[in-house]
Amino acid sequence: MSKVVVITGGGTGIGAACAQLMVANGSKVFIVGRRAEPLNATARETGAIPLIGNAASDADWRERLLPAIRQRAGDIDTLICSAGGMGFGAAGETDHSAWQAAIDSNLTSAFASVRAVLPQLVASRGSVLFVASIASLAAGPEACGYVTTKHALLGLMRSVARDYGPQGVRANAICPGWVTTPMADEEMQPLMQAQNLSLDEAYRLVCRDVPLRRPASPLEIARVCQFLCSAQASIVSGAVLTADGGASAVDVPTLAFSL
């Protein structure tokens, strides 16, 4: 495994699970986030080093985050861009501020992080992993900002893979489906209220047409992230790996034929 790992959005969900797994494998892990409480809680639970900052801010990277990492570690081997969220609502219901928030959260956070860390990744011949979504491949309902920016994230990944591959940098993306994270739990709330469901029942309902019939745990997704960031994936770059229980393999127009 890599020696020095930086994870944006490392305080909760997939980012926190990646921190847990990579610290356990002997990496020095820095988790970046804007909210001190979940970040510090994950740091206590995993042994990762918390860094409070906005991954979408060039100034935060330049003035706070990179100096703190350099002070405690050498060159960064792996960057995992897991920060994201925002962007829910149909296009006609999305005002400019909500649109900009989706861009900052899902796309600019990854772009600013990569741009800041690339010199170290080149020096270490390291890798960057973008935590995308099956919303990078198809559109869910009333999620215009999220869908658009997650699609764009794959373009960013491919651009980095092409431009920096000759210098030894690998770039890949993982596209999870439903994962039992705090963000997904929140998304379940309207469904739970509308149909008087428990959280588990809501997850079963949204996964009823997923071949594996269940959501992933954050740790399951983290294991795939770990592989893509490891030497075992040394020839993998520019790849999009779906981790969705088979959801993207389903031919939607044939669902009516399901028994």
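This text goes with the structure placed above it.
Attention in this report is confined to the structure presented alongside it. Bear in mind the structure is a predicted one, so any value in this text is a computation, not a measurement.

## So, the overall build of the protein chain
- If you tally the helices and strands in the protein chain, you get eight helices and seven strands.
- Here the C-alpha atoms of the protein chain give a radius of gyration of 18 Å, agreeing with the 18 Å that 2.2 N^0.38 yields for 259 residues.
- Principal axes of the C-alpha set define a box for the protein chain whose edges measure 55 × 35 × 35 Å.
- Counting only residues that meet the buried cut, the protein chain has 47% of its 259 residues in that class.
- Considering only intrachain contacts with a sequence separation of at least 6, the fraction spanning at least 24 residues in the protein chain is 68%.
- For the protein chain, the accessible surface area stands at approximately 12,600 Å², while carbon and sulfur atoms represent 53% of it.
- When the 20 positive and 21 negative side-chain charges of the protein chain are each reduced to one mean point, those points stand 10 Å apart.

## Observations concerning the sheet that holds strand 7 (residues 240-243)
- Spatial ordering of the open sheet is given by 3-2-1-4-5-6-7, a layout of seven strands whose pairing is parallel. In this open sheet, the two edge strands, each paired with only one partner strand, are strand 3 (49-52) and strand 7. Sheet twist, expressed as the average angle between the axes of neighbouring strands with direction ignored, equals 20 degrees.
- One ladder, built from four bridges, connects strand 1 (residues 4-8) with strand 4 (residues 78-81); its direction is parallel. By the bridge assignment, Val 5 is partnered in strand 4 with Thr 78.
- Contacting strand 1, strand 4 and strand 5 (127-131), helix 4 (residues 96-124) crosses the sheet at an angle of about 175 degrees to strand 4.

## Here we look at the packing of helix 4 against helix 5 (residues 144-164)
- Running from N to C, helix 4 and helix 5 cross one another at 15 degrees; their axes reach a closest spacing of 8 Å. In terms of their interaxial angle, helix 4 and helix 5 are classed as roughly parallel. For the pair helix 4 and helix 5, the crossing hand works out as right-handed. Of the residues in helix 5, those in contact with Trp 99, Ala 102, Ile 103, Asn 106, Leu 107, Ala 110, Phe 111, Val 114, Leu 118 and Val 122 of helix 4 are Cys 144, Gly 145, Tyr 146, Thr 148, Thr 149, Lys 150, Ala 152, Leu 153, Leu 156, Val 160 and Tyr 164.
- When the residues that make up the contact of helix 4 with helix 5 are grouped by side-chain class, the tally is 16 nonpolar, four polar and one charged.

## Remarks on unusual backbone geometry
- You will see that Arg 125, though not glycine, has its phi angle at about 50 degrees, which is positive.
- As for its position among the elements, Arg 125 is in the loop between helix 4 and strand 5.
- Despite not being glycine, Glu 142 shows a phi value in the positive range, around 50 degrees.
- Along the chain, Glu 142 turns up in the loop between strand 5 and helix 5.
- When its relative accessible area of 54% is taken as the criterion, Glu 142 is described as exposed.

About the criteria used
- Residues numbered from 1 in each chain as written.
- Predicted model: local features only at pLDDT ≥ 70, side-chain atom pairs only at ≥ 80, totals over all residues.
- Heavy atoms only, no water.
- Helix = DSSP H or I, 4+ residues; strand = E, 2+ residues; numbered from the N terminus.
- Rg over C-alpha atoms; globule rule 2.2 N^0.38 Å.
- Buried < 20%, exposed > 50% of the residue type's maximum accessible area, 1.4 Å probe, protein only.
- Contact = heavy atoms within 4.5 Å.
- Areas by Shrake-Rupley, 256 points an atom, 1.4 Å probe, with all protein chains shown as cover.
- Lys, Arg positive; Asp, Glu negative; His and termini not counted.
- Charge placed at Lys NZ, Arg CZ, Asp CG, Glu CD.
- Pairing = 2+ DSSP bridges.
- Axes fitted to C-alpha atoms, helices over the stretch in contact; angles between N-to-C directions.
- Parallel < 35°, antiparallel > 145°, perpendicular 65-115°, else oblique.
- Left-handed = near helix turned anticlockwise from the far one by under 90°.
- Nonpolar A, V, L, I, M, F, W, Y, C, P; charged D, E, K, R; others polar.

Everything listed is a geometric property; what it means functionally is a separate question.
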